[in-house]
Amino acid sequence: MIDRRLLLVHAHPDDESIGTGATMAKYAAEGAHVTLVTCTLGEEGEIIPKDLAHLAADQDDALGPYRIGELAAACQALGVEDHRFLGEAGRWRDSGMMGAATNDHPKAFWRADLDEAAGELVKVIREVRPQVLVTYDDNGFYGHPDHIQAHRVARRAFELAANPDFGEGEPWQIAKFYHTALARSVMRRTVEALREADVDFLIEDVDDMPFGTADADITTEIDARPWTGSKMAAMRAHATQISVDDPWFALSNNIGQEILGVEHYTLAFGVPGPPVPGAPVEAGGLGEPHDRENDLFAGID
């Protein structure tokens, strides 16, 4: 078996746990080297607990350093020992939602020079030498400027890391590049489950949501249900941003969402592994037809 090395690029603390936490915990438990790169400290996050509300009002960006501690606790819950901030902690700042005045902050990640930021990620790639890279799609999953920029930076670093004429260190070609995905069918089932459980939510029609991936476009299904507890513990560690009530969680918008132990991806670059049976629908899988790979490292020698 190859020495498996997985690199994930996320925009803010908590993104890693919500979208890829079960996957990270699974591979870490199975002995893969899992590296997480976080691009900002999440200084613009909306705080849920009232007793921590003063962090948002602090003019010295007190929330960012506080979230460093939350992220460290989340990584511990996931079994991830290799975490870095892009460049260094605080090199780039949370840009806030699209169109916010904070998009124009001098340190906003949204404003970062693409090759400069990608160059910092290339350093990590050439050091760690991962076979697999995971980040968001070109819409940043749901349109947040930092998520879009994380995609751009990861995509550029994917190219530059293999270029012997760029930067220092031995060039490295990543074998597979994935985008995170949330299946539309899973979203619909979650909404129905929320209705049946009488949980507060604001979603009327998932097709109106600014995110979600058509089932037909999903290439990869990772069944990490045994590590759902680790994912839940990591999400609880991000207490400023996430409220957890098993099996549900919500962000500051109070939209109920299911904590998923089966996580989905789309393969953007690389050769897919063989299609295999996936998790049943009732377990969070997509059901028939079973034509998706079930391992991010599938097909890599």
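See the structure above.
Below you will find a few notes about this structure. (Residues numbered from 1 in each chain as written. Predicted model: local features only at pLDDT ≥ 70, side-chain atom pairs only at ≥ 80, totals over all residues. Heavy atoms only, no water.)

On to the pattern of salt bridges. What the rule picks out here adds up to 17 salt bridges. Residue Lys-176 is joined to Glu-293 by a salt bridge in which the shortest nitrogen-to-oxygen separation is 2.9 Å. Of this pair, Lys-176 sits in strand E5 (residues 176–181) while Glu-293 sits in the segment after strand E10 (262–269), placing them 117 residues apart in sequence. By relative accessible area, which is 1% here, Lys-176 ends up buried. On the basis of relative accessibility, which here comes to 2%, the residue Glu-293 falls in the buried class. Between Lys-231 and Glu-263 there is a salt bridge, with the nearest N and O atoms lying 2.8 Å from each other. A residue pair is termed long-range when its members are at least 10 positions apart, and Lys-231 in helix H7 (residues 228–237) and Glu-263 in strand E10 qualify at 32 residues. When salt bridges that share partners are traced, they join Arg-91, Glu-116, Glu-120 and Lys-123 into one network. (Salt bridge = Lys/Arg side-chain N within 4 Å of Asp/Glu carboxyl O. Helix = DSSP H or I, 4+ residues; strand = E, 2+ residues; numbered from the N terminus. Buried < 20%, exposed > 50% of the residue type's maximum accessible area, 1.4 Å probe, protein only.)

To continue, consider the sheet that holds strand E7 (residues 243–245). Overall, antiparallel pairing links the three strands, which are arranged E7-E8-E9 in an open sheet. Both outer strands of the open sheet, E7 and strand E9 (257–258), are each paired with one neighbouring strand and no more. In the sheet, strand E8 (residues 248–250) pairs with E9 via two bridges, with the strands oriented antiparallel. Bridging from a neighbouring strand, Phe-249 pairs with Gln-257 of E9. (Pairing = 2+ DSSP bridges.)

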